[in-house]
Amino acid sequence: MRVAVYLPLLLSLLAPLAVRPLTERCEPRLATWLLTTSSVILAAASTISLGLLAVTALIRIPLFAALGNWSAPAAQRDDPAELSIALIAGLLLGGALIAGARMLWRRARTLAAAALEAACMPTRDDLVIVNDHVPDAYALPGLPGRIVVSTGMLHTLDETEHDILLAHERAHLTAHHYVFVALAQLGAAANPLLRPLATAVTYTIERWADENAAAATGDRTRVARTVGKAALAAHHTPARPGTPRAALGILGRSALATAGPVPRRVAALLAPPLGRHPMLTAATGAILVAATWSTAEAAHDLHLLLVTVGAW
């Protein structure tokens, strides 16, 4: 436990270094899965590690030691962590649990509100056209989800670009991209070191939808022009108020006011499609296995410690 319990925290510190290779070398769907899975597993592992360290502080306190039939003097002698470290871990654990619970509550409310709004939209299919001169388009998660497009966006794009726009937005709904965003943000809330991973997921889901549109239309250059054209039109028009927070769309909802990652998306579409890059996939898997193993090993060692101090 003296080493294993700290490994998830160290891996969380190093995890942002993997963001750039994954987003720029792996095809977007795989990158999204790897980033989201990494965020969830590393957040869980680091939170458990903090909990294990916090327990080592509790068993030194005579009151808690008596409740567990542990020997406080034996715990102080055999404890693998310094008391100051254990106390800091306890404070960080409390912060992680509170932040994670708040994020979970906010995301649940946001998705529930989006689903209710989608259910109330009058349409026979998944497409809703709103009479608004501001160019806007987004996918609204729900049961079923809706694709909302303003008349301003329809006037900005031609008929071929309309098909690209709809293919992009439908990709958000069919692939449930809002789930990836929610999980990555939950991991980042519990472990702020993982925020770059959550930010990267908001980019890779847009790249995923771009690639789906390119596959559906067979014209990557045309998709790149459509993405740039839509973003440019939105950039020069005042933002449309009241856009649901759970919405995802071709404009990139987190960067509606500025170009944001749009130039990167356009450049990626003008380049050849990315591959699966098995070496990066294997490296990411190895890191996650190491984090899981070290957490399990630390928990086992703590169990043995509790058995030892309980025998005194």
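Structure: above.
Below: a short report on this structure. What you see is a predicted model, and the numbers here were worked out from it, not measured in a lab.

## Some details on the overall build of the protein chain
Stage number 1. Tallying secondary structure elements over the protein chain gives 13 helices and 3 strands in all.
Stage number 2. For the protein chain, the proportion of its 312 residues judged to be buried stands at 49%.
Stage number 3. Within the protein chain, contacts between residues separated by at least 24 positions form 75% of all contacts whose residues are at least 6 apart in sequence.
Stage number 4. About 15,300 Å² of surface is accessible on the protein chain, with carbon and sulfur atoms providing 67% of the total.

## Topic: helix H8 (residues 159-174)
Stage number 1. An ideal rise of 1.5 Å per residue puts 22 Å on 16 residues; H8 measures up with 22 Å between its terminal C-alpha atoms.
Stage number 2. Of all the positions in H8, only Glu161, His162, Ile164, Leu165, Leu166, Ala167, His168, Glu169, Ala171, His172 and Leu173 are classed as buried.
Stage number 3. Regarding H8, its N-cap is aspartate 158, as a side-chain oxygen of that residue lies 3.2 Å from the backbone nitrogen of threonine 160 further along.
Stage number 4. Of the residues trailing H8, histidine 176 is marked for its positive phi of about 55 degrees.

## Quick notes on empty space enclosed by the protein
Stage number 1. All told, the structure shown has 2 cavities of 30 Å³ or more when counted by the stated rule.
Stage number 2. The calculated volume of the second largest cavity comes to roughly 30 Å³.
Stage number 3. What lines the second largest cavity is simply Leu22, Thr23, Cys26, Pro28, Ala31, Thr204, Arg207 and Leu274.
Stage number 4. Mapped onto the lining of the second largest cavity, the elements with two or more residues apiece are helix H2 (19-25), helix H3 (28-58) and helix H10 (195-217).
Stage number 5. For the lining of the second largest cavity, the class distribution of residues is 5 nonpolar, 2 polar and 1 charged.

## Quick look at the packing of H10 against helix H11 (residues 220-235)
Stage number 1. As a packed pair, H10 and H11 sit with axes 8 Å apart at the nearest point and diverge in direction by 135 degrees. Relative to H11, the element H10 lies oblique. Our pair here, H10 against H11, has a crossing hand that is right-handed. When H10 is examined against H11, the residues Asp210, Glu211, Ala213, Ala214 and Thr217 are found in contact with a partner set consisting of Arg220, Val223 and Val227.
Stage number 2. Of the residues belonging to the contact of H10 with H11, the class tally is 4 nonpolar, 1 polar and 3 charged.

Conventions adopted
- Residues numbered from 1 in each chain as written.
- Predicted model: local features only at pLDDT ≥ 70, side-chain atom pairs only at ≥ 80, totals over all residues.
- Heavy atoms only, no water.
- Helix = DSSP H or I, 4+ residues; strand = E, 2+ residues; numbered from the N terminus.
- Buried < 20%, exposed > 50% of the residue type's maximum accessible area, 1.4 Å probe, protein only.
- Contact = heavy atoms within 4.5 Å.
- Areas by Shrake-Rupley, 256 points an atom, 1.4 Å probe, with all protein chains shown as cover.
- Expected span 1.5 Å × (residues − 1).
- Polar contact = N/O pair within 3.5 Å; in protein donor to acceptor, adjacent residues only side chain to side chain.
- 1 Å grid on protein atoms, 1.4 Å probe; cavity = no way out; pocket = protein on both sides within 12 Å on 5 of 7 lines; lining within 4 Å.
- Points joined across faces, edges and corners; volume = space filled by probe spheres on them.
- Nonpolar A, V, L, I, M, F, W, Y, C, P; charged D, E, K, R; others polar.
- Axes fitted to C-alpha atoms, helices over the stretch in contact; angles between N-to-C directions.
- Parallel < 35°, antiparallel > 145°, perpendicular 65-115°, else oblique.
- Left-handed = near helix turned anticlockwise from the far one by under 90°.

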